[in-house]
Amino acid sequence: MAHRVLVTGAAGAIGQITCQALRHAGHFVRGLDLAEPAHVDEAVTGNIADAATVDAAMASMDSVVHLAAQPDDAPFMQRLLEPNVVGVYRVLEAAREHAARRVVLASSVQAVTGLVHAEDRPEPVGVDVTAPRNHYAVTKILAEQWGRMYHARHGLSVIAVRIGWLPRKAEMVDRIAKSDVARRIYLSRNDAGRFFRLCVEAKNVGYEVLYAASKADPPVLDPGPARRAIGYEARETFPQGLAFEHDPQQAPAGEADNARVH
């Protein structure tokens, strides 16, 4: 079944990948960003913290993938508060008011930084723990908990995605290549596009926190929840997938029909 999806932060690196993957699968995509996004059926420009802008963008959409944010740590009051806190509230409220079927919230692997880098880690880091080391990570954990509350109180289907390290610049690729931990939290562009497509398409999802990462041996991040909830299996390992390509093996909408509900 084709969905009508609002993607916020649609002009960003992951936003562009997500829009392309969704449209390639036959979904209608409306993109919202400060800059006019490409790879969309409709474009809306505006501030994610503005209630009227978000409400108008959400109208007639059945799902939203919320990626718009300050993408790393920064001064909280000056740069994080509006996009990473107020923006999440605006999206959740608009989704509730428009009776959206699914909200996908961008969290971050930085929510568990303190555990990912632990030398005595006995097993992959689960989705039921947090270990933030900066204000950015705290805003992402807040988004996760807000999503949990909107599911419990308003019945919204919410998936909070702890996104791995998708490099946006050449120097980021070099840093990943030099770090064993970084290579094992790497997220390729192809895996990212497929992951967010599955988040939109999955049925019978109540509230989930999932890790989005590519293949690692052994994994640092527990891949089990994403496999069970949305049917995601990573296909690439670093440095595969540094460029985005449409997946010729992409399953049609409904691949994750048997995803569980919590």
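These remarks concern the structure in this document. (Residues numbered from 1 in each chain as written. Predicted model: local features only at pLDDT ≥ 70, side-chain atom pairs only at ≥ 80, totals over all residues. Heavy atoms only, no water.)

### Here we look at the side chain of Ser157
When you line up the elements, Ser157 lands in the loop between helix H5 (135–154) and strand S6 (158–163). A polar contact of 2.6 Å, which involves the side chain of Ser157, links it to the side chain of Arg102. Those residues in contact with Ser157 that sit more than four places away from it in its chain are Arg101, Arg102, Val103, Val205 and Gly206. (Helix = DSSP H or I, 4+ residues; strand = E, 2+ residues; numbered from the N terminus. Polar contact = N/O pair within 3.5 Å; in protein donor to acceptor, adjacent residues only side chain to side chain. Contact = heavy atoms within 4.5 Å.)

### Points about the sheet that holds strand S7 (residues 207–212)
The strand order S3-S2-S1-S4-S5-S6-S7 describes an open sheet built from seven strands, whose pairing is parallel. Each edge of the sheet is formed by a strand with only one pairing partner; in this case those strands are strand S3 (42–45) and S7. On average, each strand axis in the sheet is inclined to that of its neighbour by 20 degrees, with strand direction left out of account. Strand direction decides the pairing type here: strand S2 (residues 28–33) and S3, joined by four bridges, are parallel. Across the sheet, the residue bridging to Leu32 is Val44, located in S3. Sitting on the sheet, helix H2 (residues 51–58) touches strand S1 (4–8), S2, S3 and strand S4 (63–66), and the angle it makes with S2 is about 170 degrees. Each of S1, S4 and strand S5 (102–108) touches helix H3 (residues 76–97); the most contacted strand, S4, lies at about 175 degrees to it. (Pairing = 2+ DSSP bridges. Axes fitted to C-alpha atoms, helices over the stretch in contact; angles between N-to-C directions.)

### A look at the environment of Val205
Relative to the helices and strands, Val205 resides in the loop between helix H8 (189–201) and S7. Here Val205 falls in the buried class, since its relative accessible area comes to 7%. Between the alpha carbons of Val205 and Val158 there is a distance of 7.5 Å; along the sequence they are 47 residues apart. (Buried < 20%, exposed > 50% of the residue type's maximum accessible area, 1.4 Å probe, protein only.)

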